Amino acid sequence: MKRSVLTRYRLMAYVTAVMLLILCACMVAKYGFDTGADLTFAVSQAHGVLFMVYLVFAFDLGSKARWPFGKLLWVLASGTIPLAAFFVERKVRAEVEPLVSDGLATSEA
């Protein structure tokens, strides 16, 4: 497996997680303090688009790593739970890193 597949996933996992945290803060401002409705709308739209990109990259990684359906579903859903994507990304990286290294070793031979 190419390293770029893992790198794309990791980048989008972090971006999606940060955008979700920003969206949560905007939602608190909007519904708790009745301010920032326009900002909340813009952040929610941006998070939606970035989450779709995250889904594509996570699915690509999962199919190349040959994950079972339950694991793939958990990784895909982690982009919807605040802070979960940070922890899932670390676990996925640790699991997929040997596959990337093995792929490079076999392609050089």
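Quick note: structure is the one above.
To keep things clear, this report deals only with the structure shown in the data block. Because the structure is predicted, anything quoted here is derived from the model rather than measured.

Rules behind the numbers
- Residue numbering note: each chain is counted from 1, following its sequence as written.
- Where local features are concerned, this predicted model is filtered to residues with pLDDT of at least 70; where side-chain atom pairs are given and counted, the filter is 80 or more; whole-chain, interface and lining totals use all residues.
- Processing note: side-chain calculations cover all non-hydrogen atoms of the structure and skip hydrogens and water entirely.
- Counting from the N terminus, the helices are DSSP H or I runs at least four residues long and the strands are E runs at least two residues long.
- For every residue, the accessible area obtained with a 1.4 Å probe (protein chains only) is divided by the maximum for its type, and the residue is called buried under 20%, exposed over 50%, and partly exposed between those limits.
- Note on contacts: a residue pair qualifies if any of its non-hydrogen atoms lie within 4.5 Å across the two residues.
- For helices, the fitted axis covers only the stretch in contact; all axes are lines through C-alpha atoms, and the angles between them, taken along N-to-C directions, range from 0 to 180 degrees.
- Oblique is the label for any angle not covered by the other classes, which are roughly parallel (under 35 degrees), roughly antiparallel (over 145) and roughly perpendicular (65 to 115).
- Helix crossings get a hand from a simple test, with the near helix turned counterclockwise from the far one by less than a right angle marking a left-handed crossing and a clockwise turn marking a right-handed one.
- Amino acids are sorted into nonpolar (Ala, Val, Leu, Ile, Met, Phe, Trp, Tyr, Cys and Pro), charged (Asp, Glu, Lys and Arg) and polar (every other residue, Gly among them).
- Centres within 6.5 Å make a pair out of two Phe, Tyr or Trp rings, where for Trp the six-membered ring is used; the pair is then stacked when the planes are under 30 degrees apart, edge-to-face when over 60, and tilted otherwise.
- Multiplying 1.5 Å by the residue count of a helix minus one yields the expected span of that helix.

Some thoughts on the overall build of the protein
Helices and strands together make up the secondary structure of the protein, namely four helices and zero strands. The linear arrangement of helices and strands in the protein, starting from the amino end, is α-α-α-α. Projected onto its principal axes, the C-alpha coordinates of the protein cover approximately 60 × 25 × 20 Å. Each of the 109 residues in the protein was classed as buried or not, and the buried ones make up 32%. Relative to all contacts within the protein whose residues are 6 or more apart in sequence, the contacts with residues 24 or more apart total 72%.

Here's the deal with the packing of helix 1 (residues 3–33) against helix 2 (residues 37–65)
A pair of packed helices is characterised by two quantities: the angle between their axes and the separation of those axes. Where helix 1 meets helix 2, the closest approach of the two axes is 8 Å, and the angle between their N-to-C directions is 155°. Compared by their axis directions, helix 1 and helix 2 come out roughly antiparallel. At the point where helix 1 passes helix 2, the crossing takes the left-handed sense. Broken down by class, the residue content of the contact of helix 1 with helix 2 amounts to 23 nonpolar, four polar and four charged.

Quick look at the packing of aromatic side chains
According to the stated counting rule, one finds three aromatic pairs in the structure shown. Geometrically, the ring pair formed by Tyr 14 and Phe 86 is tilted, given 5.9 Å between the ring centres and 45° between the ring planes. Here the residue Tyr 14 occupies a position in helix 1, and Phe 86 occupies one in helix 4 (residues 84–108), the gap between them amounting to 72 residues. We classify Tyr 14 as partly exposed; its relative accessible area is 33%.

So, helix 1
Between the first and last C-alpha of helix 1 there are 44 Å, a value that for 31 residues agrees with the 45 Å anticipated at 1.5 Å per step. All of the buried residues along helix 1 are Val 5, Leu 6, Tyr 9, Met 12, Ala 13, Thr 16, Ala 17, Met 19, Leu 20, Leu 23 and Cys 26. Just downstream of helix 1, Asp 34 is the residue with a positive phi angle, here 55°.

A word on the side chain of Ser 78
With respect to the helices and strands, Ser 78 occurs in the loop between helix 3 (69–77) and helix 4. Exposure remark for Ser 78: the relative accessible area of 0% places this residue in the buried category. With near-sequence residues (within four places) excluded, Ser 78 lies in contact with Tyr 54, Ala 84, Ala 85 and Val 88.

Read these as geometric descriptors, not functional statements.
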